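Per-entry structural report
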Amino acid sequence: RESTDPTAETQVIRTMGPGDFLPGKLRLIHKLGQGGFGAVYEGEQVNLARRVAVKILKSEALGDPDILSMFSREMQAIAALDSPNVVRILQADHAPDTGELFYAMELLKGQTLRDLIRQHGRVPAARAGGLIRDVLAGLAAAHEKGIIHRDIKPHNIMVEHNPGGSERA
């Protein structure tokens, strides 16, 4: 990507993408989603043959101290939590080639609650009750650490389907 500043020398800013390696022998496989501040990729911890999700802060956000602070707080908040209803962070670092900040977390298998509702319509009360209990357990773990989520919505809730037919949010 080239700089949009006409007075600046043309410079190419390299960003991480599929096939690239990050510290900790993390290889990016493909993009899972894009948000306002970054992208999430499926990756692999090559030395452990383990699939992970990798959230990378957009390179253009690196110059914004507010966004950097928010990203750092997000990493620290998630890492401080120990609940089966909150994703676990496995590693946090920066890409030496680009300076982009990233963290690797467990890769959840399932679908977002938003996708589940789109696919099946209204969730029956008994099923919804179980999912709500799981979400509240994750929020309770966060609140015990003084963390407030601020963005609870179906798009941010993953529903994992476990062997034997049980599920967990």
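Quick notes on the rules
- Numbers given for residues are sequential positions, taken from 1 along each chain in its written order.
- The predicted nature of this model means local features are confined to residues of pLDDT at least 70 and side-chain atom pairs, given and counted, to a pLDDT of 80 or more, with totals for whole chains, interfaces and linings taken over all residues.
- Just so you know, side-chain values use all the structure's heavy atoms and leave hydrogens and water out.
- Helix and strand labels come from DSSP, where a helix needs a run of H or I of at least four residues and a strand needs a run of E of at least two; each type is numbered from the N terminus.
- Using a 1.4 Å probe on the protein chains alone, a residue whose accessible area is under 20% of its type maximum counts as buried, one over 50% counts as exposed, and one in between counts as partly exposed.
- The Shrake-Rupley method, run with a 1.4 Å probe, gives the accessible areas here. Residue values count only the displayed protein chains as cover.
- In summary, the charge assignment counts Lys and Arg as positive and Asp and Glu as negative, without counting His or the chain termini.
- For charged residues, the charge sits on one atom: NZ in Lys, CZ in Arg, CG in Asp, CD in Glu.
- For this analysis, a polar contact is any N or O atom pair within 3.5 Å, provided that within protein one partner can donate a hydrogen and the other can accept it, and provided that sequence-adjacent residues contribute only side-chain to side-chain pairs.
- Two residues qualify as a contact provided that any one of their heavy atoms is within 4.5 Å of a heavy atom in the partner residue.
- Should DSSP find at least two bridges between two strands, the strands are regarded as paired.
- Note on geometry: axes are C-alpha line fits, over the in-contact stretch for helices, and angles between N-to-C directions span 0 to 180 degrees.
- To estimate the expected span of a helix, subtract one from its residue number and multiply by 1.5 Å.
- Salt bridges are counted wherever a side-chain nitrogen of Lys or Arg sits within 4 Å of a carboxyl oxygen of Asp or Glu.

1. Things to note about the overall build of the protein chain
The helix and strand tally for the protein chain stands at three helices and nine strands. In sequence order, the protein chain lays out its α and β elements as β-β-β-β-α-β-β-β-α-α-β-β. C-alpha extents for the protein chain along the principal axes are approximately 60 × 35 × 30 Å. Across the 169 residues of the protein chain, 34% fall into the buried class. A total accessible area of about 10400 Å² is found for the protein chain, and carbon and sulfur atoms account for 53% of it. Averaging the locations of the 21 positively and 21 negatively charged side chains of the protein chain gives two centres separated by 7 Å.

2. Concerning the side chain of Asn-85
Relative to the helices and strands, Asn-85 resides in the loop between helix H1 (65-80) and strand S5 (89-94). One polar contact links the side chain of Asn-85 to the main-chain carbonyl oxygen of Ala-169, over a distance of 2.8 Å. Residues in contact with Asn-85, not counting those within four places in the same chain, are Asp-134, Ala-137, Gly-138, Arg-168 and Ala-169.

3. Regarding the sheet that holds strand S6 (residues 101-106)
Ordered in space as S1-S2-S3-S4-S6-S5, the six strands form an open sheet in which the pairing is antiparallel. Only two strands of the sheet have a single neighbouring strand rather than two, namely strand S1 (21-22) and S5. The sheet strands contacting H1 are strand S4 (50-57), S5 and S6, and the helix crosses S6 at an angle near 25 degrees.

4. Examining helix H3 (residues 125-144)
Helix length check: H3, at 20 residues, gives a terminal C-alpha distance of 28 Å against a target of 28 Å (1.5 Å per residue), a fit within 8%. Of the surrounding elements, those touching the buried residues of H3 are helix H2 (113-120), strand S8 (158-161) and strand S9 (167-168). Gly-146 lies just past H3 and shows a positive phi near 80 degrees.

5. A closer look at the side chain of Glu-160
With respect to the helices and strands, the residue Glu-160 is situated in strand S8. By relative accessible area, Glu-160 is classed as buried at 12%. A distance of 2.6 Å separates a polar atom in the side chain of Glu-160 from a polar atom in the side chain of Arg-168. Sequence-distant contacts of Glu-160, that is, excluding residues within four places in its chain, are made with Leu-108, Lys-109, Gly-110, Ser-166, Glu-167 and Arg-168.

6. A closer look at the pairing of strand S3 (residues 38-45)
Counting buried residues in S3 gives seven out of eight residues, a clear majority hidden from the surface. Where strand S2 (residues 26-34) lies against S3, seven bridges are found, and the strand directions are antiparallel. Bridged to Gly-33 within S3 is Val-40. Across eight bridges, S3 lies against S4 in antiparallel orientation. From the neighbouring strand, Val-40 faces S4, where its bridge partner is Lys-55. Connecting S3 to the next strand, S4, in antiparallel fashion are four residues, including Ala-49 with a positive phi near 50 degrees.

7. Re the pattern of salt bridges
Counted according to the given criterion, the structure contains seven salt bridges. Ionic pairing is found between Glu-42 and Arg-51, a salt bridge with its closest N-O pair at 2.7 Å.

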